[in-house]
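Each chain, written out:
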Amino acid sequence: LFGKLANCNTQAEQQAVYEQILQMLVDSTHLTSTYLCKWEPSTLQSVIIAEYISTDANYFECQSDFGIYYDEDPHSVVGKWVAKDNLEEKQINFYDLTPGDPDRLTYLKFGARSIYFSRIRVHSETWGYIELWESRYNHMFNLEQRAVYQYVSKQFGDYLSVSA
C-alpha cells in the first residue's frame, strides 16, 4: 500500500490510501478503530488526519474525529509520551489512568478500553503517531501486533521522509 502512496496525484487519493492502511491494521489485529495523528509540538496538539472505524466499534467511537485537534496536556499520559520524542511505544488501558488524567475523560467519552500508540518519525523527529483502539474489552497488545504497528509506523515515516 505504501507504493500506492507515491502514485497519488491528489490529497483525496492519498487520504484513501491512508484509510486502507489503517483498515488493514484494524482488520489484521481485530481491533475496533485506528487513527493517524499528526503531532504539532508548537501548540501541544494532535490532529486526526485519517481514521478507520470498524463495524465492531461502539456507538460513540463511530463518531468521526477526522480533522479534530486534541490538546495533549503535558501532564497527561499521552502528552508526556508524545513530547518525549523517542522510540518508545505506549499502551494504555483505560482503568490504569488516574481519575485526574486529562486523557481519561476523552477515552471515557468515546468508550476506549485499550489504546496503543506507535510513533511515526521523520528525519529523527516525531511527526505523529498511529493510535489503535479496542473498545469491546481490555486488550494486551502482544509482541506480534506491536511489531506490525511499529513496522507500519516506520513505513509511514519512510514515506513522509521521501515526500517531504
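Coordinates for the structure precede this section.
These numbers come from a predicted model, not from an experiment.

All right, on to the packing of helix H2 (residues 11-29) against helix H5 (residues 143-163) then. Where H2 meets H5, the closest approach of the two axes is 10 Å, and the angle between their N-to-C directions is 170°. In this view, H2 runs roughly antiparallel relative to H5, as classed from their interaxial angle. Crossing hand, H2 versus H5: right-handed. Contacts between H2 and H5 involve Gln14, Tyr18, Ile21, Met24, Leu25 and Thr29 from the first element and Gln145, Val148, Tyr149, Val152, Phe156, Tyr159 and Leu160 from the second. The residue makeup of the contact of H2 with H5, split by class, is ten nonpolar, three polar and no charged.

What follows is about the nonpolar core. Ranked by internal contacts, the top residues of the largest apolar core, which has 24 residues, are Tyr18, Leu36, Ile130 and Phe156. Aside from chain neighbours lying at most four places away, what touches Leu36 is Tyr18, Leu22, Val47, Ile48, Ile49, Ala50, Ile120, Trp127, Tyr129, Ile130 and Phe156. If you look at the next biggest cluster of nonpolar residues, it comprises 17 residues, including Val78, Val82, Leu97 and Ile115.

Next up on the list: the packing of aromatic side chains. All chains considered together, the criterion is met by twelve aromatic pairs. Here Trp81 and Phe117 contribute two aromatic rings whose centre-to-centre distance is 5.4 Å and whose plane-to-plane angle is 40°, an arrangement assigned as tilted. Taken as a pair, Trp81 in helix H3 (residues 77-84) and Phe117 in strand S5 (residues 114-122) lie far apart in primary sequence, 36 residues in all. Here Trp81 and Phe117 have matching classes, each one buried. Geometry around Trp81 places Arg119 over its ring, the cationic atom sitting 4.2 Å from the centre.

To continue, consider the sheet that holds strand S2 (residues 45-53). Across a sheet, strands are paired by hydrogen bonds formed along the backbone, either parallel or antiparallel in direction. Strands sit in the order S3-S2-S1-S6-S5-S4 across an open sheet of six strands; the sheet is antiparallel. With one partner strand each, in any of the chains shown, strand S3 (69-71) and strand S4 (90-93) form the two edges of the open sheet. When the angles between neighbouring strand axes are averaged without regard to direction, this sheet yields 30°. Docked against the sheet, helix H4 (residues 102-110) engages S3, S5 and strand S6 (125-134), running at close to 40° with respect to S6. Taken strand by strand, H5 contacts strand S1 (33-40), S5 and S6, and its axis lies near 30° from that of S5.

This part takes up the environment of Val47. Assignment of secondary structure puts Val47 in strand S2. Since its relative accessible area comes to 7%, Val47 is described here as buried. The spatial distance from the C-alpha of Val47 to the C-alpha of His123 is 20 Å, given a sequence separation of 76 residues. Among residues more than four places away in sequence, those in contact with Val47 are Leu36, Cys37, Lys38, Gly67, Ile68 and Tyr69.

Attention now goes to the environment of Ile21. Among the secondary structure elements, Ile21 is positioned in helix H2. Separated by 114 residues in the primary sequence, Ile21 and Ser135 have C-alpha atoms spaced 20 Å apart.

What counts and how
- Residues numbered from 1 in each chain as written.
- Predicted model: local features only at pLDDT ≥ 70, side-chain atom pairs only at ≥ 80, totals over all residues.
- Heavy atoms only, no water.
- Axes fitted to C-alpha atoms, helices over the stretch in contact; angles between N-to-C directions.
- Helix = DSSP H or I, 4+ residues; strand = E, 2+ residues; numbered from the N terminus.
- Parallel < 35°, antiparallel > 145°, perpendicular 65-115°, else oblique.
- Left-handed = near helix turned anticlockwise from the far one by under 90°.
- Contact = heavy atoms within 4.5 Å.
- Nonpolar A, V, L, I, M, F, W, Y, C, P; charged D, E, K, R; others polar.
- Core = buried A, V, L, I, M, F, W, Y, C linked by side-chain atoms within 4.5 Å.
- Buried < 20%, exposed > 50% of the residue type's maximum accessible area, 1.4 Å probe, protein only.
- Phe/Tyr/Trp six-rings, centres within 6.5 Å; stacked < 30°, edge-to-face > 60°.
- Lys NZ or Arg CZ within 6 Å of the ring centre and 35° of its normal.
- Pairing = 2+ DSSP bridges.

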